[in-house]
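Observations on chain architecture
These are the residues of each chain, in order.
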Amino acid sequence: MMLPTHALAGMALALPLFAVAPELAPVGLVAGLLGGIVPDLDMYAGHRKTLHYPVYYSVAAVPATLSALVFPSAATVAATLFLLGAALHCVSDVFGSGLELRPWEGNSTRAVYDHFRGRWIAPRRLIRYDGSPEDLLLSVGLALPLIYAVGAPFQGVVIAALAVAVAYTLLRRTLAELAPVVANLLPAAVRQYVPDRYLPEVDAAVSRRSR
Ligand SMILES: [Zn+2]
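This text gives an overview of the structure that appears in the document. This structure is a prediction, so every number in the text was calculated from the model and none was measured.

Comments concerning the pattern of salt bridges
- Taken as a whole and judged by the stated rule, the model has six salt bridges.
- Here Arg102 ties to Glu105 by a salt bridge, and the two come within 3.2 Å at their closest N and O atoms.
- Arg102 gets classed as buried once you look at its relative accessible area, which sits at 11%.
- Within this structure, Arg102, Glu105 and Glu177 form a network of salt bridges that share partners.

Written out as structure tokens, the structure is:
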């Protein structure tokens, strides 16, 4: 799933707070948003492995949730929503596509790394790829209740995430075509930091294999 969907999903986790503890909703929204985003900060350094912990975030979220229920405070709610947002992100990545330049081709068997079992989890492709029409639909579905429930400045964040989601969905296939071209133009010193899947020679090898 694309980053805006993860960001909106993290924020949506804070929606119940409006019913039970509205004064803690803002801190919950920020923490959920961060939890939804942070795992993808590994985009250029061991993507879906370095900061993706589908098992550990989920396990850590259990005592955090209990502590927030027993001692509701800004600190316990922030920790809980961050961990729940990050856990949801990593687990939902399993239901998307694998790691590859053109995920709609479905060649990759790597969705998310499971540090607990020491292996990659295969993609389920319920959402066929990040930036697919169904991914956008999911973003819209998450944004609607948020726009209704949250006030300013969060409404702005939701609308901005939605705008990025629409633009990314429209440009998704063009971006995949451009990535190897741009990677090829980079100086060698920079190129060594470009993930394999964006390099033209790696891409050509993968395409040959899938033919
Ligand atoms: Zn991710």
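Now that the structure has been shown, we can carry on.
Some details on the side chain of Asp42
- Tracing the chain through its elements places Asp42 in the loop between α3 (25-37) and α4 (54-70).
- Summary of buried charges: Asp42 has no salt-bridge partner, and the nearest side chain of opposite charge, Arg48, is 7.0 Å away.
- Only 2.9 Å separates the side chain of Asp42 from the backbone nitrogen of Leu51, close enough to count as a polar contact.

A word on the environment of Leu142
- Within the secondary structure layout, Leu142 lies in helix α6 (residues 133-149).
- Separated by 133 residues in the primary sequence, Leu142 and Ala9 place their C-alpha atoms 6.3 Å from one another.
- In contact with Leu142, other than residues within four places in its own chain, are Thr5, Leu8, Ala9 and Ala12.

Some remarks on a nonpolar patch on the surface
- Taken together, the side chains of Val166, Leu170, Leu171, Leu175, Leu178 and Val182 make up a nonpolar region of the molecular surface, amounting to roughly 530 Å² of accessible area.
- Examined against the element boundaries, Leu175 turns out to sit in helix α7 (residues 154-185).
- Given a relative accessible area of 38%, Leu175 falls into the partly exposed group.

Some points on the coordination of the zinc ion
- Coordination of the zinc ion by the protein comes from Asp40 (OD), His52 (NE2), His89 (NE2) and Asp93 (OD), over a distance range of 2.1 to 2.3 Å.
- Seen from the zinc ion, its four donor atoms lie at angles of 90 to 169°, and the figure they make is irregular.
- Of the residues examined, His89 reaches a relative accessible area of 1% and is grouped as buried.

What counts and what doesn't
- Residues numbered from 1 in each chain as written.
- Predicted model: local features only at pLDDT ≥ 70, side-chain atom pairs only at ≥ 80, totals over all residues.
- Heavy atoms only, no water.
- Salt bridge = Lys/Arg side-chain N within 4 Å of Asp/Glu carboxyl O.
- Buried < 20%, exposed > 50% of the residue type's maximum accessible area, 1.4 Å probe, protein only.
- Helix = DSSP H or I, 4+ residues; strand = E, 2+ residues; numbered from the N terminus.
- Lys, Arg positive; Asp, Glu negative; His and termini not counted.
- Polar contact = N/O pair within 3.5 Å; in protein donor to acceptor, adjacent residues only side chain to side chain.
- Contact = heavy atoms within 4.5 Å.
- Patch = residues over 30% accessible without salt bridge, like charges linked within 9 Å, V, L, I, M, F, W, Y side chains within 5 Å.
- Areas by Shrake-Rupley, 256 points an atom, 1.4 Å probe, with all protein chains shown as cover.
- Donors = N, O, S within 2.8 Å, 3.2 Å for Na, K, Ca; no water.
- Tetrahedral: all angles 85-135°; square planar, octahedral: opposite > 155°, others 65-115°.

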